[in-house]
Amino acid sequence: MSVALSSESLLELAKSRAPADRERLLLGIVELCDADQGAAAIGSPEIQGLLNSIFMGLVAGAERDIRRRLAKKLSTAEWAPPALVNVLALDEIEIARPVIASSPVLKDPDLIRLLIEATIEHQIEVARRPNLAAPVVAAILEAGEPAVMTALAGNQTAELGPADMARLVEAAREVAALRSPLSRHPKLTGDLALQLYIWVGQALRQSLADRFRLDPRLIETALAQSVQEAHTATPNGNGVVVMARDGEREAMEQRLIEKLHSAGQLRPGYLVRALQEGRLSLFSTALAMLGRFEADHVQRVIDSDRPELLGLACAAVGIDRSVFPSILQMIRTLNGGRPGGGAEAARRAIGAFAPVSPQIAATAFRQAALSI
């Protein structure tokens with residue numbers, strides 16, 4: 001069909017029940033979208049009335065390629081029949097995508113209905129839609145689907161208020177995929193950046209620190225508070241904060257270290273911060289996780305008179321030679337002077353940072369720990 005069908009031809013096709021004529025009708029609509037007179041023809045009350053009465057049967061019976069072409073052509077048409085656009089928006093995602101992304105006919109209630117009734121892929125496209133309005137944003141946040149919230153975080157034109165940004169940043173504690181788009185979001189504030197800083201990797205931390213000129217003292221305070229909240233207390237049934245028992249604290253620490261490790265956020269610097277906060281058991285758990293050591297081996301070395309073995313473990317996970325004396329001193333302060341051996345043993349421990357690979361240091365640690 002090289003020439004767009006006239007209004008009269010469309011009317012004749014619309015009256016026909018023949019499958020071939022219904023196919024031709026949809027193709028005619030597609031071609032009219034390219035014609036100068038298309039908007040006026042399809043927008044006429046007579047054509048609109050007929051389309052609204054027959055579109056369900058036409059679209060349901062049409063081949064996939066025709067529906068895809070129709071959706072693409074109608075994605076920016078202000079005159080498109082709303083019922084037809086909504087049907088296309090609920091079609092398979094490759095057909096629905098252009099309609100969800102661009103159609104001016106889709107209103108907030110239509111988009112919210114897609115969030116409730118359609119697939120995750122459809123919901124993600126809704127969250128990516130430019131200039132997304134506040135009611136739709138609220139519906140996305142209320143549902144709390146991680147993939148959809150991540151798409152929303154990457155939509156810098158969405159109508160996100162301060163409370164919405166705060167909810168997304170809080171969700172980033174558990175949803176790692178939110179962190180990168182949020183760190184680049186123009187509506188991120190300094191206070192929220194400081195909160196987000198705790199959960200992101202080193203590259204994003206540097207980006208946040210540079211963008212918001214974060215005060216190092218505030219950063220350290222936030223990190224310390226995060227560790228304190230995560231490891232020292234749990235709320236009881238009356239809302240009163242009580243200290244966790246030893247077994248509960250160890251389990252909490254193990255879960256946190258596993259979570260940090262799985263998110264790629266467990267790094268050698270975390271060991272130093274744990275000691276600075278007086279959390280020796282947290283240090284031990286993190287060291288074992290970083291080095292893939294037996295937790296019992298790490299604890300036995302810390303309680304031994306052989307700090308050189310601790311040096312091997314630290315060298316294996318990337319602790320710098322210059323930092324180790326401070327680590328050893330903090331551990332001795334927290335652990336009743338152990339690992340023992342005095343100043344002479346401390347000097348021997350520095351020898352563990354010989355120019356060997358971390359893999360060799362880790363192997364040496366594992367072998368030596370078996371003898372304690």
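Residues numbered from 1 in each chain as written. Predicted model: local features only at pLDDT ≥ 70, side-chain atom pairs only at ≥ 80, totals over all residues. Heavy atoms only, no water.

**A few points about the pattern of salt bridges**
So the rule is basically this: Any carboxyl oxygen of Asp or Glu that lies within 4 Å of a side-chain nitrogen of Lys or Arg is treated as forming a salt bridge with it. Strands here mean DSSP runs of E at least two residues long; helices mean DSSP runs of H or I at least four residues long; both are numbered from the N terminus. Summary of the burial criterion: residues with accessible area below 20% of their type's maximum are buried, those above 50% are exposed, and those between are partly exposed, where the area comes from a 1.4 Å probe applied to protein chains only.
For the structure on display, the rule yields 16 salt bridges. In this structure, Glu92 engages Arg64 in a salt bridge whose closest nitrogen and oxygen atoms are separated by 2.7 Å. Highlighted residues: Glu92 in the loop between α6 (82-89) and α7 (93-102) and Arg64 in helix α5 (residues 64-74), separated in sequence by 28 residues. On the basis of relative accessible area, Glu92 is assigned to the partly exposed category, the value being 35%. The partly exposed category is assigned to Arg64, whose relative accessible area is 37%. Where Arg306 meets Glu308, a salt bridge forms, and the shortest distance between an N and an O atom there is 3.3 Å. Exposure remark for Arg306: the relative accessible area of 32% places this residue in the partly exposed category. Through salt bridges with shared partners, a single ionic network connects Arg64, Arg67, Asp91 and Glu92.

**Some details on the confidence of the model for the protein chain**
Fine structural detail should not be taken from predicted coordinates in areas where pLDDT scores are low. The condition that has to hold: pLDDT: the predictor's confidence for each residue, scored from 0 to 100. The criterion used for residue contact is that any of the two residues' heavy atoms lie within 4.5 Å.
Across the protein chain, the average pLDDT comes to 81, with 77% of residues at 70 or higher. Low pLDDT, under 50, characterises residues 230-247; the stretch is placed with 26 contacts to residues that sit more than four places away or in other chains.

**Considering helix α20 (residues 295-302)**
Every α-helix winds through 3.6 residues per turn, so residues three or four apart in the chain are directed the same way. This is how it is decided: Picture the helix axis, draw a direction to every C-beta atom, and the arc is the one those directions span.
Along α20, the residues that are buried comprise His297, Val298, Val301 and Ile302. Within α20, the buried residues cover an arc of 135° as seen down the axis, which keeps them to one side. Looking at the buried side of α20, the elements it contacts are α19 (280-291), α21 (307-316), α22 (324-334) and α24 (358-369).

**Regarding the layout of surface pockets**
Heads up, the condition is: Detection works on a 1 Å grid of protein atoms alone, calling trapped sets that fit a 1.4 Å probe cavities and calling open sets with protein on both sides within 12 Å along at least five of seven lines pockets, with lining residues defined by an atom within 4 Å of a point. Grid points are joined across faces, edges and corners, and a volume is the space filled by probe spheres set on the points. Under the scheme applied here, ten amino acids are nonpolar (Ala, Val, Leu, Ile, Met, Phe, Trp, Tyr, Cys and Pro), four are charged (Asp, Glu, Lys and Arg), and all others, including Gly, are polar.
Estimates place the volume of the second largest pocket at around 200 Å³. What lines the second largest pocket is Glu250, Glu253, Gln254, Ser281, Ser284, Thr285, Ala288, Met289, Phe293, Ala295 and Gln299. Among the elements of the structure, α17 (246-262), α19 and α20 are those that each provide at least two residues to the lining of the second largest pocket. The dominant element in the lining of the second largest pocket, judged by the number of residues it contributes, is α19, at 5 residues. Here the lining of the second largest pocket is composed, by residue class, of 4 nonpolar, 5 polar and 2 charged.

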